[in-house]
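If you want the building blocks of each chain, they are given just below.
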Amino acid sequence: MMREDVNVGRQFNNARREAMQFHPPFSAIVIGAGIVGASTAYFLAKRGVAVQLIDASAPASEATGAADGAVSVASKRPGPMMAAALSGVRLYATLAKEGVFAGAFKHRSTFIVAASDEECAVLEAHSAALATVGVRVDTLSAANLHQRFPVLSLKARLGVEVHDDGHAIGYQIVHRLLTAAQITVDRNTKVDGLAIAKGGRSVTGVSTRRGTIEADAVVIAAGTGSAEFLNAAGVLTPRKGQLLVTERAPRLNAAMPGAIMSGRYLLSKGTQKMANSTPARGLGLVIDPLVTGQFLIGGTREEFGDRQSNDIDAVSRILAEAVALVPGLASLRLLRSFSGLRTAVVDGLPLVGRMPGFDNAYIATGFEGDGICLGPVTGKSIVQLICGEAPEVDLTPFDPSRFERSGEKL
Ligand SMILES: Cc1cc2nc3c(=O)[nH]c(=O)nc-3n(C[C@H](O)[C@H](O)[C@H](O)COP(=O)(O)OP(=O)(O)OC[C@H]3O[C@@H](n4cnc5c(N)ncnc54)[C@H](O)[C@@H]3O)c2cc1C
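Residues numbered from 1 in each chain as written. Predicted model: local features only at pLDDT ≥ 70, side-chain atom pairs only at ≥ 80, totals over all residues. Heavy atoms only, no water.

Across the 10 residues that make up strand β5 (residues 105-114), a large majority, eight, are buried. Here nine bridges tie β5 to strand β7 (residues 158-168), and the two strands are oriented antiparallel to one another. Note on β7: the bridge partner recorded for R108 is D165. Of the pairings in the sheet, the one linking β5 to strand β14 (residues 258-262) comprises five bridges and is parallel in character. Counterpart to S109 in the pairing with β14 is G258. (Buried < 20%, exposed > 50% of the residue type's maximum accessible area, 1.4 Å probe, protein only. Helix = DSSP H or I, 4+ residues; strand = E, 2+ residues; numbered from the N terminus. Pairing = 2+ DSSP bridges.)

Here it is, written out as structure tokens:
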């Protein structure tokens, strides 16, 4: 971690800060205005905490602005990520009902379709696993699938409808959260390090080129930028994804009762155990019919490349696979291609909790391809943790101290 011992020029009253840490009003800095930081700031502000949200660039300028936006349990396996995703989807529905996400969260099913023997086998096992944790799934034979989803090509041999999933555009959600809580982001302000009190166990704020900004608690939600705050190299790694957006096609769009996820997505995404064996460039096809009448088509998982570029190999592979499943897409114009970097943790689980070694610094990052779904519920949970309450999501499996226990020094 980039730590800066600073003399803050004031007597830091530990007892007082400990009390303020758990009982608002207190002050907090959130580093990073992606969906995780914006959600954390929203839930802090709702409790009356004086919160400063600081971003090196602008709100939703990184992964949150480059995601395909599935708010979904469809690709999860039973375990801590599934439990978190179920809570995540529920919270989206609640916030939509309350008005904060109204019109920005679209309820829809995800249809996972298999086109090969390998995909059929994976899908059958996956569907059974989803059902064991109470997810509403229907298995559709080829005939049923084509009746329900007539725009699919005959390549689709088996389908599973995962009910109660949804979709949201990351940057719209960030905008809703910031507007609802009346939060103004400190833009173009890179945090260079934590300001650490004498004694080393507590932070007094953060250091920036504008000097030290003080607060009672600090939350690091900086996506791939969070790596700079860790001592351990290799715990966080960027994983690139490339996505495409088509023009509007209202009739084709209306003929799709939900998003299509190819069985290969399950193979490309990998399970938590397989996280280390993800191929250098995986392609897991998801075709999402947007409320605008357009289609969002993704995406790759790549261990190389920069976040700004798209390449013709990836774009043409995504398009070829999409058209093979939904032939009607062939006549549409491609409007836009873009890419972003997911933040992956080496063991496949995010880092959410208190920073090891500190009383009042927290981290929430490493959501790989699930941060749109998990962002709001993570923000709510980490604020509950800061305030000494039981978090909505069990954060124990995501505790950053697991790396300390395994010999790393975070
Ligand atoms: C191609 C692609 C497809 C995806 N599809 C989905 C999907 O369908 N469903 C889903 O749930 N998730 C999806 N994701 C994942 C999701 O986008 C991320 O998990 C989520 O956006 C992470 O949010 P975040 O707030 O942690 O990070 P980010 O959105 O990356 O935000 C981090 C912020 O921190 C700021 N920052 C960094 N360093 C500093 C610093 N030192 N000081 C100040 N600010 C700093 C950055 O400028 C940035 O604004 C996808 C991601 C990609 C790339």
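A common way to report how large an interface is uses the accessible area buried once the components associate. By domain assignment, the protein separates into domain 1 (3-63 + 172-232 + 347-405) and domain 2 (106-166 + 236-345). Spacing between the C-alpha centres of domain 1 and domain 2 amounts to 32 Å. Between domain 1 and domain 2, the contact holds 21 residues from the first and 13 residues from the second. Across the domain 1 to domain 2 interface the summed buried area is about 1300 Å²; carbon plus sulfur atoms make up 57%. For the pair domain 1 and domain 2, the number of links is two salt bridges. Residue E368 is joined to R239 by a salt bridge in which the shortest nitrogen-to-oxygen separation is 3.0 Å. Between domain 1 and domain 2 we count seven residue pairs in polar contact (both at pLDDT 80 or more) in total. Of the residues belonging to the side of domain 1 that touches domain 2, the class tally is eight nonpolar, eight polar and five charged. (Domains from an automatic or database assignment. Contact = heavy atoms within 4.5 Å. Buried area = accessible area lost by both parts, 1.4 Å probe. Salt bridge = Lys/Arg side-chain N within 4 Å of Asp/Glu carboxyl O. Polar contact = N/O pair within 3.5 Å; in protein donor to acceptor, adjacent residues only side chain to side chain. Nonpolar A, V, L, I, M, F, W, Y, C, P; charged D, E, K, R; others polar.)

Below, the discussion takes up the confidence of the model for the protein. Scored by pLDDT, the protein comes out at a mean of 89, with 90% of its residues at no less than 70. Contacts for the low-pLDDT stretch residues 1-20, under 50 throughout, to residues beyond four places or in other chains number 44 contacts. Contacts of residues 271-279 to residues separated by more than four positions or lying in other chains number 15 contacts, the stretch itself having pLDDT below 50. (pLDDT = per-residue confidence, 0-100.)

Let's shift gears to the packing of aromatic side chains. By the definition in use, this model includes four aromatic pairs. Measuring from centroid to centroid gives 4.9 Å for Y42 and F43, while their planes differ by 85 degrees, and the two rings are edge-to-face. Of the two residues examined, Y42 and F43, each falls in the buried class. Between the aromatic rings of Y92 and F101, the centroid separation amounts to 5.1 Å while the plane-to-plane angle is 40 degrees, which identifies the pairing as tilted. Note on accessibility: Y92 and F101 belong to one class, buried. Feature note: the residues Y92, F101 and F105 constitute an aromatic cluster, connected by ring pairs. (Phe/Tyr/Trp six-rings, centres within 6.5 Å; stacked < 30°, edge-to-face > 60°.)

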